[in-house]
Amino acid sequence: MTIDQAVGLAREGEGPQRATLLELFLDLVFVAALALTSRTLAQNLGWVGAFQTVVLLMAIWWVWSVTALVTDLYHTQRPPIFVMTLWVMLGTVLMAGSLPGAFSDHALIFAGAYVAIQVGRGIFLIAALHGSRTRVRSSRFTFWFVVSAVPWLAGGLVAGTARGLLWAAALAVDYGAAWLRYPTPRLGRVPTSQYTVAADHLAERYQQFFTLALGDLILLTTLTYSDNDATIGRTAALVLAFAVSVLLWQIYVHRAGALLKATIESSRDPGGFVRSAPNTHLLMVAGVVAASAGFEVVITHPTDHTTPWLAGVILGGPALFLTGRARFEYEVFSRVSPSRLVALLVLIIAGPALLLAPTLVAGLTATLVLAGVAIADGVRARGNPPEQPRPSM
């Protein structure tokens, strides 16, 4: 028995692992955060709004992504991990509540909650893993979150462009350290052998979160519809938004989505896949957030002319999703379906053509493009035998 198993926290060689109810409870907090992120973008269409949305979304996503990895490595029902998860939930509630004012009056609350989550998680783990060899891994994570805490908190104390630049630098530290395997003075990098994960659990967690992200699209568009008079145009826009949510889900789960678990298990470099999966799924989640923001505007003003920024959001949402999904597919099969590339080209060409057209037409265009991809997937599935993940490298 290893020291970790004696401590009773680590998941090691215990067979299939499923997501716990506590993890699903945790995800519900992020639905609110994603919905507020989409609404923030819908109310601030432009370069500034887009930049702020990217920063906020990357912060929220990194909290969830790191927490998902931790709960994949350790038993959530153990008291230290249970308390740590509740700590993350509380911090995320504060982040979500302060998100609309993160670049104004609530900046320090947002940044402070983010730092408290990431550094606090590390402190919980270091204390709980006393005498365990995996304590060193938690020390590496905590070191880099302490480093990024400086620009996070400094950004909360300043205003204007400086805040955005400091928070962008903090995110660069967080994401860059993870990609480089957390190189830490005296401790070195995280060995690739320590990236061994419970493939079924981690795959399920990503699939669940993406499904919950689609809940943001359904929630936000439904609330927007209920807040306005029910007209034929708004009703049609709501139907299109629902269709987009169904199509995004269908395209995600087709083949590669169902084979995520097998891909992790068959890879000889699980560390590389574990490090790339958050970035791939971030693109797909960002696509859902953008689509939610776009359809909120469409439902509110279905007959207004489509502005350049609105066209970019309505069509850019599916484009971001398809880009992330194509990268995901390449990681699984070492190839990309032509339908995704064609769809991306159509979305790019359609943008200028939709300017000054009613916003409802822009929403219909995005829906039809996604429908074409889903139909192509279905035709290919019927005409070809099931594909298997690429051979291990």
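Up top is the structure these notes are about.
Below, the structure is looked at part by part. (Residues numbered from 1 in each chain as written. Predicted model: local features only at pLDDT ≥ 70, side-chain atom pairs only at ≥ 80, totals over all residues. Heavy atoms only, no water.)

Quick look at unusual backbone geometry now. In this model, Arg181 sits at a positive phi of 65°, which is unusual for a non-glycine residue. Relative to the elements of secondary structure, Arg181 occurs in the loop between helix H7 (161-179) and helix H8 (199-226). One non-glycine residue, Tyr182, adopts positive backbone phi at about 50°. Here Tyr182 lies in the loop between H7 and H8. (Helix = DSSP H or I, 4+ residues; strand = E, 2+ residues; numbered from the N terminus.)

A few words on the environment of Leu153. Inspection of the secondary structure assignment puts Leu153 in helix H6 (residues 135-157). On a C-alpha basis, the gap between Leu153 and Gly112 in space is 6.4 Å, while along the polypeptide they are 41 residues apart. With near-sequence residues (within four places) excluded, Leu153 lies in contact with Leu108, Ala111, Gly112 and Val115. (Contact = heavy atoms within 4.5 Å.)

This paragraph deals with the side chain of Ser148. Assignment of secondary structure puts Ser148 in helix H6. Reaching out from Ser148, the side chain makes a polar contact with the backbone oxygen of Phe145 at a distance of 3.2 Å. Apart from residues no more than four positions distant in its own chain, Ser148 is found in contact with Ala170, Val173 and Asp174. (Polar contact = N/O pair within 3.5 Å; in protein donor to acceptor, adjacent residues only side chain to side chain.)

A separate point is the packing of helix H3 (residues 47-73) against helix H5 (residues 107-128). Each pair of packed helices can be summarised by the angle the axes make with each other and by the distance between the axes. Put simply, H3 and H5 touch, their axes get as near as 11 Å, and they point 15° apart. By the angle between their directions, the pair H3 and H5 is classed as roughly parallel. In this structure, H3 meets H5 at a crossing whose hand is left-handed. Contacts between H3 and H5 pair Leu56, Ala59, Trp62, Val63, Val66, Thr67 and Val70 from the former with Phe110, Tyr114, Ile117, Gln118, Arg121 and Leu125 from the latter. Taken together, the residues of the contact of H3 with H5 sort by class into 10 nonpolar, 2 polar and 1 charged. (Axes fitted to C-alpha atoms, helices over the stretch in contact; angles between N-to-C directions. Parallel < 35°, antiparallel > 145°, perpendicular 65-115°, else oblique. Left-handed = near helix turned anticlockwise from the far one by under 90°. Nonpolar A, V, L, I, M, F, W, Y, C, P; charged D, E, K, R; others polar.)

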